[in-house]
Amino acid sequence: MVRYYVVEQRHFDFVGQAIREVFCKVRPACTGVRVAGLVDPRMLVEIEIEALRT
């Protein structure tokens, strides 16, 4: 599962494309959220990834 948080709406497409390029055929569940800001004001995107190894 991938969750990503973006500060600016215009970054959604860029982050989505990067996730597609990295995961290609795996296609994990993915949620994008626009937030007012992150802890470090220099950050524009935060990405969380959860994986189950079997």
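Structure: see above.
Now for a look at the structure at hand. Bear in mind the structure is a predicted one, so any value in this text is a computation, not a measurement. (Residues numbered from 1 in each chain as written. Predicted model: local features only at pLDDT ≥ 70, side-chain atom pairs only at ≥ 80, totals over all residues. Heavy atoms only, no water.)

**Some words on the environment of Arg3**
Then comes step 1: Along the chain, Arg3 turns up in strand S1 (residues 2–6).
Then comes step 2: Separated by 39 residues in the primary sequence, Arg3 and Arg42 place their C-alpha atoms 19 Å from one another.
Then comes step 3: A polar side-chain atom of Arg3 sits 2.4 Å from a polar atom in the side chain of Glu50. (Helix = DSSP H or I, 4+ residues; strand = E, 2+ residues; numbered from the N terminus. Polar contact = N/O pair within 3.5 Å; in protein donor to acceptor, adjacent residues only side chain to side chain.)

**Section: the pairing of S1**
Then comes step 1: Of all the 5 residues making up S1, 5 are buried; the element is thus mostly covered by neighbouring parts of the structure.
Then comes step 2: The alternating pattern of S1 places Val2, Tyr4 and Val6 and Arg3 and Tyr5 on opposite faces, both of which are buried.
Then comes step 3: With 5 bridges joining them, S1 and strand S2 (residues 30–34) adopt parallel strand pairing. When the sheet's bridge partners are listed, Arg3 is paired in S2 with Thr31.
Then comes step 4: A crossover links S1 with its parallel partner S2, the connecting element being helix H1 (residues 12–23), and its sense is right-handed. (Buried < 20%, exposed > 50% of the residue type's maximum accessible area, 1.4 Å probe, protein only. Pairing = 2+ DSSP bridges. Right-handed = clockwise from strand over helix to strand, strands pointing away.)

**Details of the nonpolar core**
Then comes step 1: Val2, Tyr4, Val6, Phe12, Val15 and Ile19 form the largest nonpolar core, which has 6 residues in total.
Then comes step 2: Here Tyr4 is in contact with Phe12, Val15, Gly16, Ile19, Cys30, Thr31, Gly32, Val33, Glu46 and Ile47, once residues within four sequence places are set aside. (Core = buried A, V, L, I, M, F, W, Y, C linked by side-chain atoms within 4.5 Å. Contact = heavy atoms within 4.5 Å.)

**A short note on the sheet that holds S2**
Then comes step 1: If you trace the 3 strands from one edge of the open sheet to the other, you get S2-S1-S3, paired in mixed fashion. For this open sheet the edge positions go to S2 and strand S3 (45–49), each flanked by a neighbour on one side alone. On average, each strand axis in the sheet is inclined to that of its neighbour by 15 degrees, with strand direction left out of account.
Then comes step 2: Across the sheet, H1 touches S1, S2 and S3, and the angle it forms with S1 is around 155 degrees. (Axes fitted to C-alpha atoms, helices over the stretch in contact; angles between N-to-C directions.)

**Notes on unusual backbone geometry**
Then comes step 1: In the Ramachandran plot, Cys24 falls in the positive-phi region, its phi being about 40 degrees despite a non-glycine side chain.
Then comes step 2: Relative to the elements of secondary structure, Cys24 occurs in the loop between H1 and S2.
Then comes step 3: Judged by its relative accessible area of 54%, Cys24 is exposed.
Then comes step 4: The phi torsion at Arg27 lies on the positive side, around 50 degrees, for a residue other than glycine.
Then comes step 5: Of note, Arg27 is situated in the loop between H1 and S2.
Then comes step 6: Arg27 sits in the exposed class, given a relative accessible area of 68%.

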